[in-house]
Amino acid sequence: MKWITPGAEDYDDSRALFNAMIDSRPAVIAACSDATDVAEALAWASAHGHAVAVRSGGHSVAGMSTIDDGLVIDVRPMKGALVDREARTVTVGAGLTWGEFDRATQQHGLATTGGRVSTTGVSGLTLGGGSGWLERSYGLACDNLLAVDLVTAGGERVHASAEENPDLFWALHGGGGNFGVVTSLTFALHELGPLVLAGLMLWPESEGRAVTLAYRDFAVDAPDALGSALICLTAPPEEFVPEHLQGQPVVSVGLVYAGPVEEGIEAVRPLRELQPAVDLVDAMGYADFQCMIDDPPGLYNYWTADYHDAFPDAAVDAFLASGHSRRSENSQQLLVPWGGAIARGADGATPLANRGARWVSHPFAMWEGPEGTEENIAWAREFRRNIAPHTNGGVYLNFIGNEGQERIRAAFGEENYTRLARIKAEFDPGNVFQGNQNILPAP
Ligand SMILES: Cc1cc2nc3c(=O)[nH]c(=O)nc-3n(C[C@H](O)[C@H](O)[C@H](O)COP(=O)(O)OP(=O)(O)OC[C@H]3O[C@@H](n4cnc5c(N)ncnc54)[C@H](O)[C@@H]3O)c2cc1C
């Protein structure tokens with residue numbers, strides 16, 4: 001265990017999160033290597049009256065994984081990844097990033113649904129559900145969980161699986177970091193690649209409406225193996241982008257085909273018929289594609305999202321009006337088709353409501369410094385107001401910041417929230433773990 005306090009050489013690096021807007025100064029950061037360290041850190045916080053935050057990949061845009069004047073339990077030293085090729089499972093330490101996870105499992109031609117960038121933490125992303133390119137084939141990341149080890153607020157080590165502590169195991173499928181400090185997770189893996197058909201296509205803004213309408217009709221009924229998202233972004237000043245599009249707003253489709261490359265080529269034909277100005281879709285290593293759209297750290301961030309049961313033309317217009325009026329060239333706006341294996345989970349099989357939603361809209365504002373804060377946050381909020389008539393009221397919590405109890409309840413639905421609150425009361429009655437999308441312990 002390493003205790004890192006203000007003034008230490010690595011204090012500033014250790015407290016930094018992906019969102020540069022978050023500048024919290026913890027009293028202590030406990031870099032924990034195992035469950036014993038975690039229990040010791042929790043006991044120390046309790047004895048000294050310090051509030052606690054738990055940190056893994058550091059990608060909480062709301063900064064929930066850090067805390068001013070409190071104790072941060074940093075699980076990043078827990079980096080193991082033990083693949084069982086025959087059983088097609090992997091047990092990973094809670095500090096792994098998805099890039100590290102994918103490299104370890106792809107050595108065996110295996111993978112499971114993980115985040116769309118390589119730098120997010122396996123722990124935080126999975127505990128919140130876990131949306132990624134493979135989700136229409138294999139469900140969300142949490143749907144692939146086989147077991148979780150954690151340390152409770154009282155310092156007790158608990159194993160959760162379908163057989164042991166099944167209620168807690170259920171709660172860990174989307175209920176976030178509410179129940180304890182996770183030290184390891186075991187996932188089911190699937191044969192994939194290592195070469196898959198993946199990449200990006202780009203169209204100029206002027207073709208945005210036609211492309212988005214066609215994409216909407218295509219993606220929602222596309223084969224489950226095709227994971228994709230439509231993204232409004234600014235074309236980068238890269239060689240592969242024609243000069244007249246560099247620095248210009250474009251509509252893009254990112255995709256991965258979780259099956260034979262030849263089959264994938266056939267599946268994406270309708271998108272190619274839309275004649276993209278840039279077509280980078282090709283056979284490539286799955287793990288390589290996973291880091292192809294990594295967002296740069298060091299920017300200010302504000303993220304939000306909504307679920308949709310349908311995305312009519314008026315929703316497309318509202319989506320593009322916002323996508324084309326982003327206030328920063330770093331900002332992006334995603335439209336992600338849900339469905340496939342996400343929708344196949346029985347209602348109540350996990351805490352996450354709205355499994356049957358067809359779409360998620362997800363604007364994320366990213367800008368360079370404090371001067372842009374007001375207008376960039378206003379942009380994302382305005383989108384939510386304008387798209388409101390087309391939402392179903394639900395939300396996927398991993399894609400939003402701190403938007404209050406009402407949104408948390410909307411993400412789970414009343415019945416699941418009530419069950420989560422009972423489990424929270426059993427494992428964390430004092431709400432020690434409140435640096436999360438917080439479930440209030442049932443009285
Ligand atoms: C650039 C970027 C890309 C993203 N892409 C995706 C995506 O493709 N799909 C998706 O679903 N989400 C995505 N997200 C959202 C992301 O999944 C959440 O922000 C998630 O919480 C990040 O996990 P982390 O471990 O990196 O973050 P951290 O900031 O370290 O942790 C976030 C929260 O997770 C909990 N937590 C983390 N580790 C533990 C642990 N060991 N035990 C208990 N609780 C813990 C804590 O409550 C903590 O506050 C993205 C976010 C960013 C910034």
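Our subject is the structure listed above.
What comes next is a walk through the structure.

Calculation criteria
- Residues numbered from 1 in each chain as written.
- Predicted model: local features only at pLDDT ≥ 70, side-chain atom pairs only at ≥ 80, totals over all residues.
- Heavy atoms only, no water.
- Axes fitted to C-alpha atoms, helices over the stretch in contact; angles between N-to-C directions.
- Helix = DSSP H or I, 4+ residues; strand = E, 2+ residues; numbered from the N terminus.
- Parallel < 35°, antiparallel > 145°, perpendicular 65-115°, else oblique.
- Contact = heavy atoms within 4.5 Å.
- Nonpolar A, V, L, I, M, F, W, Y, C, P; charged D, E, K, R; others polar.
- Pairing = 2+ DSSP bridges.
- Core = buried A, V, L, I, M, F, W, Y, C linked by side-chain atoms within 4.5 Å.
- Buried < 20%, exposed > 50% of the residue type's maximum accessible area, 1.4 Å probe, protein only.
- 1 Å grid on protein atoms, 1.4 Å probe; cavity = no way out; pocket = protein on both sides within 12 Å on 5 of 7 lines; lining within 4 Å.
- Points joined across faces, edges and corners; volume = space filled by probe spheres on them.
- Near = heavy atom within 4 Å.
- Polar contact = N/O pair within 3.5 Å; in protein donor to acceptor, adjacent residues only side chain to side chain.
- Areas by Shrake-Rupley, 256 points an atom, 1.4 Å probe, with all protein chains shown as cover.
- Phe/Tyr/Trp six-rings, centres within 6.5 Å; stacked < 30°, edge-to-face > 60°.
- Lys NZ or Arg CZ within 6 Å of the ring centre and 35° of its normal.

## Comments concerning the packing of helix 11 (residues 313–323) against helix 13 (residues 373–387)
For any two helices packed against each other, one specifies the inter-axial angle together with the distance between the axes. Where helix 11 contacts helix 13, the axes come no closer than 10 Å and their chain directions differ by 170°. It follows from the interaxial angle that helix 11 and helix 13 lie roughly antiparallel. In this structure, helix 11 contributes A315, A318, F319 and S322 to the contact, and helix 13 contributes W379, F383, N386 and I387. For the contact of helix 11 with helix 13, the per-class residue count stands at 6 nonpolar, 2 polar and no charged.

## Digging into the sheet that holds strand 9 (residues 157–161)
The strand order 5-6-10-8-9 describes an open sheet built from 5 strands, whose pairing is antiparallel. The sheet is open, and its two borders are formed by strand 5 (81–84) and strand 9, each paired with just one other strand. Recorded for the sheet is a direction-independent mean angle of 10° between the axes of neighbouring strands. Direction of pairing for strand 8 (residues 145–151) relative to strand 9: antiparallel, over a ladder of 5 bridges. For V148, the partnering residue across the bridge sits in strand 9 and is A160.

## A look at the nonpolar core
With 95 residues, the main nonpolar core has I73, F101, L168, F187 and W338 as its most contacted residues. When residues of this core are assigned to their parent elements, the largest contribution, 8 residues, is made by helix 14 (residues 405–427). Once residues lying within four places of it in the same chain are set aside, the contact partners of W338 are S131, E135, R136, L140, Y307, N354, R355, A357, R358, W359, V360 and Y396.

## With respect to unusual backbone geometry
Going from G193 to P194, the amide bond is cis rather than trans, its omega being 5°. Positive phi is not limited to glycine here, since D69 has a value of about 60°. Along the chain, the position of D69 falls in the loop between strand 3 (52–55) and strand 4 (71–74). Take D69: its relative accessible area is 58%, and that puts it in the exposed class. Its identity as a non-glycine residue notwithstanding, R88 has a phi of 55°, on the positive side. For R88, a relative accessible area of 37% puts it in the partly exposed group.

## A look at the layout of surface pockets
Counted as a void, the second largest pocket has a volume near 330 Å³. When residues of the lining of the second largest pocket are traced back to their parent elements, those giving at least two are helix 2 (35–48) and strand 3. Sort the elements by how many residues they give to the lining of the second largest pocket and helix 2 lands first, with 3 residues. Taken together, the residues of the lining of the second largest pocket break down into 11 nonpolar, 10 polar and no charged.

## Points about empty space enclosed by the protein
A full pass over the atoms with the stated rule returns 1 cavity of 30 Å³ or more. Lining the largest cavity are L140, Y307, W338, I342, L352, A353, R355 and Y396.

## A closer look at the site of the ligand
Inspection of the region around the ligand gives 34 residues, with S56, G58, S65, S131 and Y396 positioned closest. A distance of 3.0 Å separates an oxygen atom of the ligand from a polar backbone atom of H59. With respect to the ligand, the side chain of Y396 contributes an N or O atom lying 2.5 Å from an oxygen atom. In isolation the ligand has 960 Å² of accessible area, and contact with the protein removes 95% of it.

## What to know about the packing of aromatic side chains
How two aromatic rings sit relative to each other is set out by the distance from centre to centre and by the angle between their planes. Inspection of the entire model under this criterion finds 14 aromatic pairs. Seen from their ring centres, W98 and F101 are 4.6 Å apart, and the 55° between their planes marks the pair as tilted. Pair noted here: W98 and F101 are both in helix 3 (residues 98–106), with a separation of 3 residues, about one helical turn. We note that W98, like F101, is buried. Aromatic pair Y307 and W338: ring centres 5.7 Å apart, planes at 65°, arrangement edge-to-face. With Y307 in strand 18 (residues 306–308) and W338 in the loop between strand 19 (332–337) and helix 12 (341–344), this pair connects stretches of sequence that are 31 residues apart. Across the pair, W338 and Y307 agree in class, each one buried. In this structure an aromatic cluster arises from ring pairing among Y215, F311, F319, W359 and F383. The ring of Y417 is capped by R409, whose NZ or CZ atom sits 4.1 Å from the centre of that ring. In this structure, R419 is placed above the aromatic ring of W170, and the distance from its NZ or CZ to the ring centre is 3.8 Å.

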